[in-house]
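Structural characterization, general
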Amino acid sequence: MRSSLLRSVKTLARPTTARAYSVDSVPSRKVTVLGAAGGIGQPLSLLMKLNPLVSQLALYDIGGTPGVAADVSHINSRSEVAGYMGDDQLGQALEGSDVVIIPAGVPRKPGMTRDDLFNINAGIVKSLCTAIAKYCPHAIVNMISNPVNSTVPIAAEVFKKAGIYNEKKLFGVTTLDVVRAKTFYAGKANVNVAEVNVPVVGGHAGVTILPLFSQATPKANLSQDDIHALTKRTQDGGTEVVEAKAGKGSATLSMAYAGAIFADACLKGLNGVPDVVECSYVQSTITELPFFASKVRLGKNGVEEVLGLGPLSDYEKEGLEKLKPELKSSIEKGIEFVK
Ligand SMILES: NC(=O)c1ccc[n+]([C@@H]2O[C@H](COP(=O)([O-])OP(=O)(O)OC[C@H]3O[C@@H](n4cnc5c(N)ncnc54)[C@H](O)[C@@H]3O)[C@@H](O)[C@H]2O)c1
Ligand SMILES: O=C(O)C[C@H](O)C(=O)O
């Protein structure tokens, strides 16, 4: 059982990096999950416990973490697990952390947009990032809490105020959009999903999610109607889950999977594995917007290179122009919240 679970986590690795999983030679890395007792937090904690690149796993939430930590800690994999609960223990959870993953905050219910979560989640993210600035200012931060289009600018402003902002270490996690685009494309194109690659750029809400199916591989002869339908389904993927869960939250399991892939990529980058590329929402100059999701090369210092958009189809060019006003206003809302 253990080896098959570990094998399945290893399949998250790119072929070039699979060899780097020799457990004896990998550096010690502490990962902290903030919101670890939640719908995403629990399965994400499980997946991080299965990741051999992690040596210390700190699970923090406002409640419920002793149980989650005790449960996860019994798994016979590399990392030591500790649970932390409440403000008093937040510092300990963060101290010495290399990667902090933040799925803390409320999820959507049917009929809500991600921006409807701003009023509650902005404050949660602000206070958690204030603690990160104090206790682990050099950590890589993986922001999952919605609205990501605004919570990442909030984090940046908090870090700037604290004088520790490093734009190379702040990431909005948009991996679930890529995971969805790959799955939907493979289904429509009838190709092996394990071989599919699709960049998804822009942001993480509705039309700001822009999958670039013109760059999808393996190539397939899809009609314009197919591409439009795939684009719409990727943009509405979160809503599809929210509606199916009918009031019981949003994507948790697929998000935990996506969050684990992205954290694994950050750890590989930190460990010096070459050519680790994932899409992420980062500080960017590839458009006029200060934050933008695109392919990013990860390295020892976090972002090594923000990669360009590549050639776009006319439909994607149109989508890019359409998303800019919404993304711009979400970014400004986040910045304004901290100022
Ligand atoms: N980036 C993405 O692609 C993506 C995907 C899915 C969900 N999300 C977002 O992730 C967030 C969490 O979703 P969920 O389904 O896990 O929600 P959830 O309600 O199941 O869990 C959230 C957890 O956060 C905890 N929490 C609240 N305030 C906290 C604080 N100050 N410090 C630490 N923990 C705190 C709660 O106690 C809870 O355990 C939501 O904002 C959701 O919209 C993002
Ligand atoms: O849709 C949501 O509210 C959660 C998340 O952003 C998602 O894409 O599943």
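What you see is a predicted model, and the numbers here were worked out from it, not measured in a lab.

We now examine the overall build of the protein. Counting its secondary structure elements, the protein contains 11 helices and 11 strands. The C-alpha atoms of the protein give 19 Å as radius of gyration, which agrees with the globular expectation for 339 residues (20 Å, within 12%). Principal-axis analysis of the C-alpha atoms gives the protein an extent of 50 × 45 × 40 Å. Burial statistics for the protein: of 339 residues in total, 55% are counted as buried. Within the protein, contacts between residues at least 6 apart in sequence are counted, and of these 70% link residues at least 24 apart.

So, on to the site of ligand 2. The environment of ligand 2 is formed by Arg108, Arg114, Asn146, Leu176, Arg180, His204, Gly238, Ser250 and Ala251. Contact distances for ligand 2 include 2.6 Å between an oxygen atom and a side-chain N or O atom of Arg108. At 2.8 Å from an oxygen atom of ligand 2 is found a side-chain nitrogen or oxygen belonging to Arg114. For ligand 2, the accessible surface in isolation is 260 Å², of which the surrounding protein chains cover 95%. Looking at side-chain class alone, the shell around ligand 2 contains two nonpolar, four polar and three charged residues.

Turning to the UniProt feature "domain: Lactate/malate dehydrogenase C-terminal" (unreviewed entry) in the protein, a few remarks are in order. Here, UniProt's "domain: Lactate/malate dehydrogenase C-terminal" (unreviewed entry) annotation points to residues 174–338. Secondary structure across residues 174–338 divides into 48% helix and 17% strand, with the first and last C-alpha atoms of the span separated by 23 Å.

In this section: the site of ligand 1. Every one of the 28 residues lining ligand 1 counts as a neighbour, but Gly39, Ile40, Asp61, Val106 and Asn146 are closest to it. In this structure, Val106 approaches ligand 1 through a main-chain N or O atom, which is 2.9 Å from an oxygen atom. Side-chain polar atom of His204 to an oxygen atom of ligand 1: 3.1 Å apart, as the coordinates give it. Compared with its free state, where it exposes 860 Å², ligand 1 has 85% of that area covered by protein. Elements with a contribution of two residues or more to the shell around ligand 1: strand E2 (56–61) and helix H5 (118–135). When residues of the shell around ligand 1 are assigned to their parent elements, the largest contribution, three residues, is made by H5. Across the shell around ligand 1, the residue classes tally to 17 nonpolar, 10 polar and one charged.

So, about the pairing of E2. Taking burial as the measure, the six residues of E2 include five buried ones, the bulk of the element. Bridge analysis of strand E1 (residues 30–34) against E2 gives five bridges, and the strand direction is parallel. Considered in E2, the bridge of Val33 is made with Leu59. With helix H2 (residues 41–49) bridging E1 and its parallel neighbour E2, the resulting β-α-β unit is right-handed. Here E2 runs beside strand E3 (residues 80–85); their pairing, made up of six bridges, is parallel.

Parameters at a glance
- Residues numbered from 1 in each chain as written.
- Chains lettered and ligands numbered in written order.
- Predicted model: local features only at pLDDT ≥ 70, side-chain atom pairs only at ≥ 80, totals over all residues.
- Heavy atoms only, no water.
- Helix = DSSP H or I, 4+ residues; strand = E, 2+ residues; numbered from the N terminus.
- Rg over C-alpha atoms; globule rule 2.2 N^0.38 Å.
- Buried < 20%, exposed > 50% of the residue type's maximum accessible area, 1.4 Å probe, protein only.
- Contact = heavy atoms within 4.5 Å.
- Near = heavy atom within 4 Å.
- Polar contact = N/O pair within 3.5 Å; in protein donor to acceptor, adjacent residues only side chain to side chain.
- Areas by Shrake-Rupley, 256 points an atom, 1.4 Å probe, with all protein chains shown as cover.
- Nonpolar A, V, L, I, M, F, W, Y, C, P; charged D, E, K, R; others polar.
- UniProt positions renumbered as here; feature names shortened; annotations may be inferred.
- Pairing = 2+ DSSP bridges.
- Right-handed = clockwise from strand over helix to strand, strands pointing away.

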